[in-house]
Amino acid sequence: MSNSEPKIVCFSCKFGWGYLGSEAALSSQVKNWIPIICSGKIDAQYILDAFRQGADGVLVLGCPEGDCHFQDGNVESKKRIYLLQKVLEAYGIEPERVRIELSLDPEGKKIPELVKKMSGTVKKLGPMKVLASR
Amino acid sequence: MAGKPMVAICWLGSCGGCDEAVVDLNEAILDVANAVDIIFWPVAMDFKYHHLEAKRDGEIALSIINGHVRNSEQEEVAKLLRKKSQLVLAFGACACFGGTPGMANFRTKQDVFNWVYREAPTVVNPKRNYPQPKSKVNGKELSLPEFYEKVYALNQIIDVDYYLPGCPPPPDLTANAIYAVVEGRLPPKGTTLAPDKALCDTCNRNATKPSRISLSDIKRIHEVEASPDTCFLAQGILCLGPAVRSGCGEACMNINIPCRGCFGPVQGVEDAGAKFISALAAMLEAENDKDIRQLIEKIGDVPGYLYRFSAPVSALSQKQV
């Protein structure tokens, strides 16, 4: 892990992020990029699954506050992530491994940058603990 | 004696409440005793481990095992019972999910030992000793079971056929489980022998549950005088009813205490806490960062709330190295 890049899973809402950009071009730049319809779709279980399948960090990109197409999915997601961070801490997992950003970027140019930034943060934390599989 | 199915009842890391729950069958326990031959029950009868070892493999029809596994003795007995039994029933929240002792998994073994044997104000231990698996006393070697790094649910140690959660399981479901085996009315392996509904569905207070719950403040049950017939969530008191399996007979509700989740998640949900996060997040009435964080702080112990009975089986449990 010290040499290899951490694995970051990025969920981004299609209503606010990268809908004008080329999905193919962005996918080639950002590994494990999952465009979704509303960040409010992201259940805590999805994030746990990402970790269990080997993610070192999870980044959720939602629409700006007050701009959710479905009223408040972005805020719902934020609340879940803040709650989940408390749980991660209890299990000895750094809460910084999950981050939510509410903003707007139709071209999606910021997505690779944000993933890279997240990657840098996570790299400093070291490898993610190996979770028990079922 | 001959012909009656043999049943073993055993406690591992347990408080004894689950054994008490079997006794709580009251008169019905006499019928159970007529229908089966109880060949092992450390709490109630004088049998030793060597009596178990003398049984043929698979000779016991059913082993009802309560309690979690945290030391080598518990592991050994669990494995012995599995070997000698056709069916194993994980009985109670500890056997099913690790139970309240499972919250110790939020700390290390070292933390636990430090507190219990050194730091706790009631401890007198001038030599600062810890219990050792082996020690010499007057030239003789004494042994103790080894205390493991963490708490395990029963199915993390042995294969489990059926589950009956609860802290403790109620008498009706307990009798039903035993008779299901005696009469051969067995559901598919892995079934939880309790209703599949969420507690809110069967709660007497359901009629007073608002269609949209919004908590702008969170109160603890001891801080308020809770109404005895209004939905706890409507009163601003956290209750795990929306995400927890029913079947307990609403024992806590009936004494005006909110649900803490001893029946575990409903069918098909793997991580009880993660599921309740979604339910809880939707109830928290806060929009900006500061308010959200403040409200979460008011919950106090978030992981303890979400995983009070199920910390060892969470998807976040780490692989044992």
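All values reported here derive from a predicted model rather than from experimental measurement.

Reading the values: the criteria
- Residues numbered from 1 in each chain as written.
- Chains lettered and ligands numbered in written order.
- Predicted model: local features only at pLDDT ≥ 70, side-chain atom pairs only at ≥ 80, totals over all residues.
- Heavy atoms only, no water.
- Helix = DSSP H or I, 4+ residues; strand = E, 2+ residues; numbered from the N terminus.
- Rg over C-alpha atoms; globule rule 2.2 N^0.38 Å.
- Pairing = 2+ DSSP bridges.
- Axes fitted to C-alpha atoms, helices over the stretch in contact; angles between N-to-C directions.
- Contact = heavy atoms within 4.5 Å.
- Salt bridge = Lys/Arg side-chain N within 4 Å of Asp/Glu carboxyl O.
- Buried < 20%, exposed > 50% of the residue type's maximum accessible area, 1.4 Å probe, protein only.
- Phe/Tyr/Trp six-rings, centres within 6.5 Å; stacked < 30°, edge-to-face > 60°.
- Lys NZ or Arg CZ within 6 Å of the ring centre and 35° of its normal.
- Parallel < 35°, antiparallel > 145°, perpendicular 65-115°, else oblique.
- Left-handed = near helix turned anticlockwise from the far one by under 90°.
- Nonpolar A, V, L, I, M, F, W, Y, C, P; charged D, E, K, R; others polar.
- Domains from an automatic or database assignment.
- Buried area = accessible area lost by both parts, 1.4 Å probe.
- Polar contact = N/O pair within 3.5 Å; in protein donor to acceptor, adjacent residues only side chain to side chain.

The next subject is the overall build of chain A. Along chain A, the regular secondary structure elements total 4 helices and 4 strands. In chain A, the succession of helices and strands from N to C terminus is β-α-β-α-β-α-β-α. The C-alpha atoms of chain A give a radius of gyration of 14 Å, which matches the 14 Å a tight globule of 134 residues would have. Taking the principal axes of the C-alpha coordinates as reference, chain A spans close to 35 × 30 × 25 Å.

Residues and elements named next belong to chain A. Strands sit in the order E2-E1-E3-E4 across an open sheet of 4 strands; the sheet is parallel. On the outer flanks of this sheet lie strand E2 (33–36) and strand E4 (98–102), each paired with one strand and no other. On average, each strand axis in the sheet is tilted by 15° relative to the strand beside it, whichever way the strands run. Examined bridge by bridge, strand E3 (residues 57–62) and E4 share 5 bridges and lie parallel to one another. Residue pairing for E4: Val-58 is matched across the bridge by Val-98. Helix H2 (residues 44–52) contacts strand E1 (8–13), E3 and E4 of the sheet and is inclined by roughly 145° relative to E3. Contacts from helix H3 (residues 73–90) reach E3 and E4, with the element oriented near 160° to E4.

Turning to the sheet that holds strand E5 (residues 85–91) of chain B, a few remarks are in order. Residues and elements named next belong to chain B. Strand order across the open sheet formed by 5 strands is E2-E1-E3-E5-E9, with parallel pairing between neighbours. The two strands at the open ends of the sheet, each matched to only one other strand, are strand E2 (37–40) and strand E9 (162–164). Recorded for the sheet is a direction-independent mean angle of 25° between the axes of neighbouring strands. Where strand E3 (residues 60–66) meets E5, 6 bridges bridge the pair, whose relative direction is parallel. In the sheet register, Ile-65 faces E5, and the bridge partner there is Ala-90. Seen against the sheet, helix H4 (residues 72–84) touches strand E1 (6–11), E3 and E5 and runs at an angle of roughly 135° to E5.

Going through the model one piece at a time under the given rule, you end up with 20 salt bridges over all chains. For Lys-78 of chain A, the salt bridge identified is with Asp-289 of chain B, shortest N-O distance 2.4 Å. With one member in each of two chains, Lys-78 of chain A in helix H3 and Asp-289 of chain B in helix H11 (residues 289–299) form a pair that bridges those chains. For Lys-78 of chain A, a relative accessible area of 8% gives the class buried. Between Glu-119 of chain B and Arg-128 of chain B there is a salt bridge whose closest N-O contact spans 3.9 Å. Judged by relative accessible area, which is 45%, Glu-119 of chain B ranks as partly exposed. Taken together, the salt bridges that share partners define one network made up of Arg-82, Asp-159, Asp-161 and Lys-189 of chain B.

All names here are of chain B. Scanning the model with the defined rule gives 7 aromatic pairs over all chains in all. Considering the side-chain rings of Phe-40 and Tyr-49, the 6.1 Å spacing of their centres and the 35° angle between planes classify their relative orientation as tilted. Taking the relative accessible area as the measure of exposure, Phe-40 reaches 1% and is therefore buried. Among the aromatic residues, those joined into a ring-pair cluster are Phe-113, Tyr-117, Tyr-130 and Phe-147. The ring of Phe-113 is capped by Lys-109, whose NZ or CZ atom sits 5.7 Å from the centre of that ring. A cation over an aromatic ring shows up here: Arg-118 above the ring of Tyr-130, its NZ or CZ 3.9 Å from the ring centre.

Moving on, we get to the packing of H3 of chain A against helix H10 (residues 272–283) of chain B. Where H3 of chain A meets H10 of chain B, the axes come as close as 9 Å, and the angle between the chain directions of the two elements is 130°. One element, H3 of chain A, and the other, H10 of chain B, form an angle in the oblique class. For the crossing formed where H3 of chain A meets H10 of chain B, the hand is right-handed. Together, Glu-76, Lys-79, Arg-80, Leu-83, Leu-84 and Val-87 of chain A of H3 of chain A and Ile-277, Ser-278, Leu-280, Ala-281 and Ala-282 of chain B of H10 of chain B make up the contact between the two elements. In terms of residue class, the contact of H3 of chain A with H10 of chain B is made up of 7 nonpolar, 1 polar and 3 charged.

All names here are of chain B. In terms of domains, chain B is made up of domain 1 (6–100 + 150–182), domain 2 (107–148) and domain 3 (199–313). Taking only C-alpha atoms into account, the centre of domain 1 sits 30 Å from that of domain 3. Taken together, the contact between domain 1 and domain 3 spans 14 residues of the former and 12 residues of the latter. Interface of domain 1 and domain 3: buried area, both sides summed, is about 1,000 Å²; carbon and sulfur atoms make up 69% of it. Counting the surface domain 1 buries against domain 3, the share from its top three residues, Phe-97, Thr-100 and Pro-165, is 44%. Applying the counting rule to domain 1 against domain 3 returns 0 salt bridges. Summed over the shared surface of domain 1 and domain 3, the result is 3 residue pairs in polar contact (both at pLDDT 80 or more). A per-element tally of the side of domain 1 that touches domain 3 places helix H5 (residues 93–97) first, with 3 residues. Its residues assigned to classes, the side of domain 1 that touches domain 3 comprises 9 nonpolar, 5 polar and no charged.

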